Amino acid sequence: MTYSPEALISPRFSRAAEGGVVSPNERALLRLIWRNPGMSRSEITPHIDLTQQSVYRIIDQLAERGIVELGAPKPGVGRGQPSPTLRLVGKHAYSCGISVNTDVIGICLMDLAGRILGEASVPLRESSMAEALDLVAEELAGLQRTNSLSPDSFFGIGFAIAGYHVGGTRYNAPLPLHEWSLIELGPLMAEFFGRPVWVHNGANTGTIAESMFGVGRYIKHFAYLSFNYGFGGGLISDGELLLGGNGNAGEFSGIYDAEESKRRPALQYLIERLNHNGVEVPSISYMRKYFDPNWPGVAEWVEDVTPAYNRMINAIRAVIDPQAIVFGGQVPSDLAQMLIARTHIFDRPRYGVNRPGPKLIVSEISTDASAMGAAVTPFRAAFY
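Presented here is an overview of the structure given in this document. (Residues numbered from 1 in each chain as written. Predicted model: local features only at pLDDT ≥ 70, side-chain atom pairs only at ≥ 80, totals over all residues. Heavy atoms only, no water.)

1. Description of the environment of Asn147
Okay, so step 1: Along the chain, Asn147 falls in the loop between helix 3 (129–146) and strand 6 (154–161).
Okay, so step 2: In the structure, Asn147 is positioned 35 residues away from Leu112 in sequence and 14 Å away in space, judged by C-alpha atoms.
Okay, so step 3: Of the polar contacts made by the side chain of Asn147, one reaches the backbone oxygen of Leu117; its length is 3.3 Å. (Helix = DSSP H or I, 4+ residues; strand = E, 2+ residues; numbered from the N terminus. Polar contact = N/O pair within 3.5 Å; in protein donor to acceptor, adjacent residues only side chain to side chain.)

2. Focus on the packing of helix 3 against helix 4 (residues 185–193)
Okay, so step 1: The geometry of helix 3 relative to helix 4 is characterised by a closest axis approach of 11 Å and an angle of 50 degrees between their N-to-C directions. Viewed along their axes, helix 3 and helix 4 adopt a mutual orientation that is oblique. The handedness of the crossing between helix 3 and helix 4 is right-handed. Residues Met129, Leu133, Asp134, Val136, Ala137 and Leu140 of helix 3 form the contact with helix 4, whose participating residues are Leu188, Met189, Phe192 and Phe193.
Okay, so step 2: For the contact of helix 3 with helix 4, the per-class residue count stands at nine nonpolar, no polar and one charged. (Axes fitted to C-alpha atoms, helices over the stretch in contact; angles between N-to-C directions. Parallel < 35°, antiparallel > 145°, perpendicular 65-115°, else oblique. Left-handed = near helix turned anticlockwise from the far one by under 90°. Contact = heavy atoms within 4.5 Å. Nonpolar A, V, L, I, M, F, W, Y, C, P; charged D, E, K, R; others polar.)

3. As for a nonpolar patch on the surface
Okay, so step 1: A grouping of Tyr164, Val166 and Leu182 is seen on the molecular surface, where their side chains present a nonpolar patch of about 260 Å² in accessible area.
Okay, so step 2: Along the chain, the position of Leu182 falls in the loop between strand 8 (170–172) and helix 4. (Patch = residues over 30% accessible without salt bridge, like charges linked within 9 Å, V, L, I, M, F, W, Y side chains within 5 Å. Areas by Shrake-Rupley, 256 points an atom, 1.4 Å probe, with all protein chains shown as cover. Salt bridge = Lys/Arg side-chain N within 4 Å of Asp/Glu carboxyl O.)

4. Here's the deal with the packing of aromatic side chains
Okay, so step 1: Under the counting rule described, the total for this entry stands at 16 aromatic pairs.
Okay, so step 2: Both rings, one in Trp34 and one in Tyr384, keep their centres 4.9 Å apart while their planes meet at 20 degrees; by these two values the pair is stacked. With Trp34 in helix 1 (residues 24–35) and Tyr384 in the segment after helix 11 (369–382), this residue pair connects regions lying 350 residues apart in the sequence.
Okay, so step 3: Classification of Tyr384 by relative accessible area gives buried; the value is 2%. (Phe/Tyr/Trp six-rings, centres within 6.5 Å; stacked < 30°, edge-to-face > 60°. Buried < 20%, exposed > 50% of the residue type's maximum accessible area, 1.4 Å probe, protein only.)

5. Brief notes about the nonpolar core
Okay, so step 1: Counting residues in each nonpolar core, the largest one holds 50 residues, and the members touching the most others are Leu30, Ile44, Phe155, Phe383 and Tyr384.
Okay, so step 2: For this core, the secondary structure elements donating two or more residues are helix 1, helix 2 (52–64), strand 2 (84–88), strand 4 (104–111), helix 5 (202–213), strand 10 (222–227), strand 13 (324–329) and helix 11.
Okay, so step 3: Here the element with the most residues in this core is helix 11; it accounts for seven residues.
Okay, so step 4: Leaving out residues up to four positions away in the same chain, Phe155 has contacts with Ile9, Phe13, Val21, Ala93, Tyr94, Arg195, Pro196, Trp198, Pro378, Phe379, Ala382 and Phe383.
Okay, so step 5: With 37 residues, the next largest nonpolar core counts Phe227, Met287, Val305 and Ala308 among its residues. (Core = buried A, V, L, I, M, F, W, Y, C linked by side-chain atoms within 4.5 Å.)

6. So, unusual backbone geometry
Okay, so step 1: If you check the backbone angles, Asp238 has positive phi at about 50 degrees while not being a glycine.
Okay, so step 2: Residue placement: Asp238 occurs in the loop between strand 11 (231–237) and strand 12 (240–241).

7. Structural notes on the state of the cysteines
Okay, so step 1: Here the structure, examined in full by the defined rule, presents zero disulfides.
Okay, so step 2: Its sulfur unpaired, Cys96 is 7.7 Å from the next cysteine sulfur, which belongs to Cys108.
Okay, so step 3: Take Cys108: its relative accessible area is 0%, and that puts it in the buried class. (Disulfide = S-S within 2.5 Å.)

8. As for helix 3
Okay, so step 1: Counted at 1.5 Å a residue, the expected span for helix 3 with its 18 residues is 26 Å, and the 26 Å between its end C-alpha atoms agrees.
Okay, so step 2: Along helix 3, the residues that are buried comprise Met129, Ala132, Leu133, Val136, Leu140, Gly142, Leu143 and Gln144.
Okay, so step 3: Each element contacted by the buried residues of helix 3 is listed here: strand 3 (94–100), strand 4, strand 5 (116–123), strand 6 and helix 4.
Okay, so step 4: Looking one or two residues beyond helix 3, the residue adopting positive phi is Ser148, at roughly 50 degrees. (Expected span 1.5 Å × (residues − 1).)

9. Quick look at the sheet that holds strand 14 (residues 359–362)
By definition, the strands of a sheet pair up through backbone hydrogen bonds, in either a parallel or an antiparallel sense.
Okay, so step 1: The mixed open sheet is built from five strands, whose spatial order is 12-11-10-13-14. Edge positions in the sheet fall to strand 12 and strand 14, since each has one partner strand and no second.
Okay, so step 2: Pairing of strand 13 with strand 14 involves four bridges; the strand directions are parallel. Bridged to Ile325 within strand 14 is Leu360.
Okay, so step 3: Lying on the sheet, helix 5 is in contact with strand 10, strand 11, strand 12 and strand 13; it crosses strand 11 at an angle near 45 degrees.
Okay, so step 4: On the sheet, helix 10 (residues 333–341) packs against strand 10, strand 13 and strand 14 and is oriented at approximately 165 degrees with respect to strand 14. (Pairing = 2+ DSSP bridges.)

10. Thoughts on helix 9 (residues 298–319)
Count 3.6 residues to each turn of an α-helix, and residues three or four apart come out pointing the same way.
Okay, so step 1: Its 22 residues give helix 9 an end-to-end C-alpha distance of 30 Å, which sits within 8% of 32 Å, the value for a rise of 1.5 Å per residue.
Okay, so step 2: Within helix 9, the axis deviates most sharply at Thr306, by approximately 45 degrees, and proline Pro307 lies no more than four positions further along.
Okay, so step 3: In the stretch just after helix 9, Asp321 is the one whose phi turns positive, near 55 degrees. (Bend = angle between axes of the 7 residues up to and from the residue.)

And the structure:
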């Protein structure tokens, strides 16, 4: 039987008679409120294909279920009686995002309104999958206690892993994660945590975080570069994650052959270069926290990867035509700026006019973007 996290959602979150968590019209309203917290009820109708009467009725139903709260009226908007403002009720549900990287597992607890309740991490080096999951469960329980969270409000888990999708909830991860590779992670994690689990590639959940909490708040078409142990990314088209036919859209490393792949901007190679130059860098997480652009080997590595990097940037520009390219994942911001400074666009102006190109932007997510995006994934799947 095909694994479906939706089938495992607790009945307390479902609509009484119709089934499912929300209807398509309710989802459209919740997404609008998510994007515009504090907008008034009377402001909604021009933005949605529903009558004012239908909007008011649906909002009343969502308020009765404790998903939406009606706040103080917004003054000076339209005629007639002041209309109440609308926000999502964070305490209605919370989720957990788990992001498995080669050296660390990131954990993020988030409520329905998108507020981060707590974050933690578990080192992964020299730990088996069973040992690591036990540590994750301990950290999760600690975050739940700290926030006095009821198990009844625990909606589900978003699970992200470095690696490409091969089918179902199976991913082919880098060598340090061989034990996590090519197995059905969805049902395994759902049984372990006792909650529905949505599984994604870690670069995609980082892209989701950027879309919902970072530059995606004002840019609707962008490519996300995920610099990790390997190198991948994700694509946002008109505000939505583009998965592709096999779930691997944004696997930018795929443009390189075996020899070129060694000169792509994957952080595993930078760490090797630094260690070879006498700089002790035990992990990517350490490098991100303590990165120094003057470390011996950094400038040399940047120069070595620049040709492959520029070819990738120009391929993205030519094929996808995004408004922006975002430098994210685990890349230190100073390193991202070094790459941006070496960007060369292969443009051939016609009649003296260049083709418009994307802005190059360092990610606005300062925390673990992959875990953050994983945390909001269950809500994106079921609510908005």
